[in-house]
Amino acid sequence: MSEESAEEPAQGRRVFLNHLDSYCGRSIGEYLSTCVVGASLESIEDEEEEEEDNSAAEVSSRLKEGVYQIVGTLSKPQSTKPSFAEEIYAVSSREELLSHLLECEIVLYNITEDTNQIEEAMWAASALHMEIEHFTRQKLFILISTIMSWAKSKPPDPEDPEVAFTDEDYRRRKAHPNFTDHINAEKLILKLGKTSKRKFSTYIVASGHQYGAGEGVLHYFFKRGWLSETPAIPIFGDGNNFIPTIHILDLAAVLQNVADHRPKSHYILAVDASIHTLQELVKCISKNVGSGRTEKIPTEDALLSKDLTQMHLDMLLVNLRMESGLVKESFNIKWVAQEGLVENIEQIVKEYKQSRGLLSLKIFVHGPPGVGKSTIAEQLCKHYKLHHIKSKDVISEAIANLEEIVAPKELATDNVGEEGEGDDGEEEEQGENVEEAQELLDAVKENMEQNAGQLDDEYVTKFMKDKLKSMPCRNQGYVLDGFPETYEQANDLFNCNEDEQGAKSKIPKYDTLITPEFVISLTASDEFLINRIINLPESIVAGTHYTQDQFLKALNVFRELNTDDKTVLNYFDEIEIHPQFIDVDKLEDPENRFIVKEIIKEIGEPRNYGLTDEEKEELERQAAEECLVKEAQEKAEQERKEAEERAERMANWEEWNKHLEEVKRQEQELLEAQSVPLRNYLMRNVMPMLMQGINECCRIRPDDPVDFLAEYLFKNSPDI
């Protein structure tokens, strides 16, 4: 092998892998890109000794020259090229894809995630097989399949159900009805590898359900636990089915060993040493990521979830005991999680958070009463998907939990069915704590009676600390609303209970798990706050401390607590978490939009899961509605302006017409007044003689009446 590599170093290390941007492809590709060709042929002890003996430069040079070069395709054309990939193929035809496959010595096809790749994998193996005559060196084709091709196999020993399947049982395997294409692909590729093994060798690696580095099929349970949107994580069916699993990096190590060792057995089971049921896996995930509670639901109800496909459900309901003798005895693997998920859950959870960028975000909002702490806290919780922590709610919740613990067993038995079988240990543990819970509950109630319904800081701090240490707050994070109020409360809430070390050090020892990363201090003048409260609707003020007397009293208390030498903000300054001050008075932002934007700018991007499809649709719907409302408002404004202009024009027109009528009337009156003397003159001097002439003209009816009338007037005029 080393001789072949020396002749054609680039080709000998070139590995094709489909869908490099998928969960499986990304992890395997990145792992193989760091593996030295033939490294697994050495024992682990020899490798470690060699690394110690060789200089760092020699090791670095050997790694750079002899590692596998990863090339392949992407599942989504818009995906960016992975950093570990030497080249990405955006193939437009199968002839083009075949030309790329012929350049590689090793071809890996993963069909565990995308069933559409099964047909392509079968074609690729067949096409390479047809080119055997032109191979100058051996090509290796490895199909990464799934143990679901064994799902309906009969037990190896019907009398002993604990006997596990091994690699040698692969000829008796029987696939799940929905995975017949997988087993058909396995059979074809094994067959193609028997023609000329020296030129074209094929292997099937039947992978257990993959986990780690962001999670595969088990991601559904991790996400449900992380988001804490439901009180319990579901277990489908009775949960007693055994699920073969393997860490994704251990699967990559198996593939590395197949490429290096070229074992005689061409069918390899890739599973870890664990034998865990679905119930054990889900309970472990719930305890370390979620609330610790699980509930059994019918399998048919599982299909109602949009996050689960039929393929995922089939995989979660498989019931197989498997062990791989070849992997265990013949391969040289530096196991990441040989004993399985449950035994390595802390490491798996750490990988899960790092791979998905899931980091808790802890914020403390400080400010006087009426400044808008709760409103801003709610908006921050909505934007970052955090938990809104208010001392009043935490106290109520803690008391309710204590009352539930000490409730009579008869009342609690109704809920056993929801928890499912196997919770006896949890119930016994709760039973042991009943007496302790009862003592605490009695002390709390007595303290509240003595303090007119208020609790001493001792109990409030305890309940708040327990809340901040709860899994939801540790996962997503929180927004603390107004508590702690004093230096002493902050010190008691966040300290590490290391009194001696705290006394020696000037900086207080604090618990990084629950201490806020960001402190937002909202400031405003008393005049501004009083005016804001006065203008609040009565419906909001009713039942709150915003009545005039109570508000002024609360405001005075706040000012007193924050003018001492040791304030809650001084505490955060001492532990070098410096507050961000925002003057609410100056911003004049009744809806807090600018304030929240300024805070988000300081904190940065969310560290949680992105928006769900439903949330994206809701945001799009809201944006569309806002756009429609804006358009309607603009249209209404335009119509209003046009109506005003039209009304103004009509008013001007009517005014002009009135003015014109008045002018005409005045002119008519003037004409009439001026015509009276003339009319009198004509009636007295002209009309009598003219009427006589007209009458005479009518009697005689001359041929030329006008000439006759003129001659008549001339003859009979008294002045002539």
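See the structure printed just above.
What you are looking at is a predicted structure, and each value in this text was computed from that prediction instead of being measured. (Residues numbered from 1 in each chain as written. Predicted model: local features only at pLDDT ≥ 70, side-chain atom pairs only at ≥ 80, totals over all residues. Heavy atoms only, no water.)

Peer 1: Talk me through the pairing of strand β4 (residues 106-110); I want residue IDs and the actual numbers.
Peer 2: In terms of residue burial, β4 counts as a mostly covered element, since five of its five residues are buried. The pairing of strand β1 (residues 14-17) with β4 spans three bridges and is parallel. Directly across from Leu-17, in β4, lies its bridge partner Leu-108. Of the strand pairs in this sheet, β4 and strand β5 (residues 139-146) are connected by five bridges, and their pairing is parallel. (Buried < 20%, exposed > 50% of the residue type's maximum accessible area, 1.4 Å probe, protein only. Helix = DSSP H or I, 4+ residues; strand = E, 2+ residues; numbered from the N terminus. Pairing = 2+ DSSP bridges.)

Peer 1: Let's hear about the side chain of Thr-245: which residues, and what values?
Peer 2: Turning to its location among the elements, Thr-245 is positioned in strand β10 (residues 245-247). Among the residues examined, Thr-245 registers a relative accessible area of 2% and is labelled buried. Every residue in contact with Thr-245, bar those within four places of it in the chain, is listed here: Gly-208, His-209, Tyr-211, Val-271, Asp-272, Ser-274 and Leu-281. (Contact = heavy atoms within 4.5 Å.)

Peer 1: Describe the sheet that holds strand β16 (residues 477-481), naming the residues involved and giving the relevant values.
Peer 2: With parallel pairing, five strands are arranged side by side in an open sheet as β15-β16-β14-β17-β18. Of all strands in the sheet, those with a lone pairing partner are β15 (387-389) and β18 (580-583), marking the two edges. Looking at each pair of strands side by side, their axes are set apart by 20° on average, direction ignored. This element, helix α16 (residues 373-384), spans β14 (361-366), β15, β16 and β17 (518-523) of the sheet and lies at about 175° to β16. (Axes fitted to C-alpha atoms, helices over the stretch in contact; angles between N-to-C directions.)

Peer 1: Please give an account of the pattern of salt bridges that cites residues and values.
Peer 2: What the rule picks out here adds up to 18 salt bridges. Residues Glu-119 and Arg-94 are paired through a salt bridge, measuring 2.5 Å at the closest nitrogen-oxygen approach. With a gap of 25 residues between them, Glu-119 in helix α7 (residues 116-130) and Arg-94 in helix α6 (residues 94-102) connect regions that are remote in the sequence. Put simply, Arg-699 and Glu-696 hold a salt bridge, and the shortest N to O gap is 2.1 Å. You can see Arg-699 and its partner Glu-696 sitting in helix α33 (residues 687-700), three residues apart, about one turn around the helix. A single salt-bridge network, built from bridges that share partners, covers Glu-105, Arg-137 and Arg-262. (Salt bridge = Lys/Arg side-chain N within 4 Å of Asp/Glu carboxyl O.)

Peer 1: Got a sec to walk through the packing of aromatic side chains? Specific residues and values, please.
Peer 2: A ring pair, where both rings are aromatic, is described by two values, the distance of the centres and the angle of the planes. Summed over the entire model, instances satisfying the criterion amount to 18 aromatic pairs. Ring plane angle 70° and centroid distance 5.7 Å describe the contact between Trp-150 and Phe-165, whose orientation is recorded as edge-to-face. Of the two residues, Trp-150 is situated in the loop between β5 and α8 (180-192) and Phe-165 in the loop between β5 and α8; the sequence distance between them amounts to 15 residues. The buried category is assigned to Phe-165, whose relative accessible area is 6%. (Phe/Tyr/Trp six-rings, centres within 6.5 Å; stacked < 30°, edge-to-face > 60°.)

Peer 1: Describe helix α21 (residues 434-450), listing the residues and the values that go with them.
Peer 2: Spanning 17 residues, α21 covers 24 Å between terminal C-alpha atoms, matching the ideal 24 Å at 1.5 Å per step. Packed against the buried residues of α21 are α17 (391-405) and α22 (457-468). Within two residues after α21, Ala-452 carries a phi angle of roughly 55°, on the positive side. (Expected span 1.5 Å × (residues − 1).)

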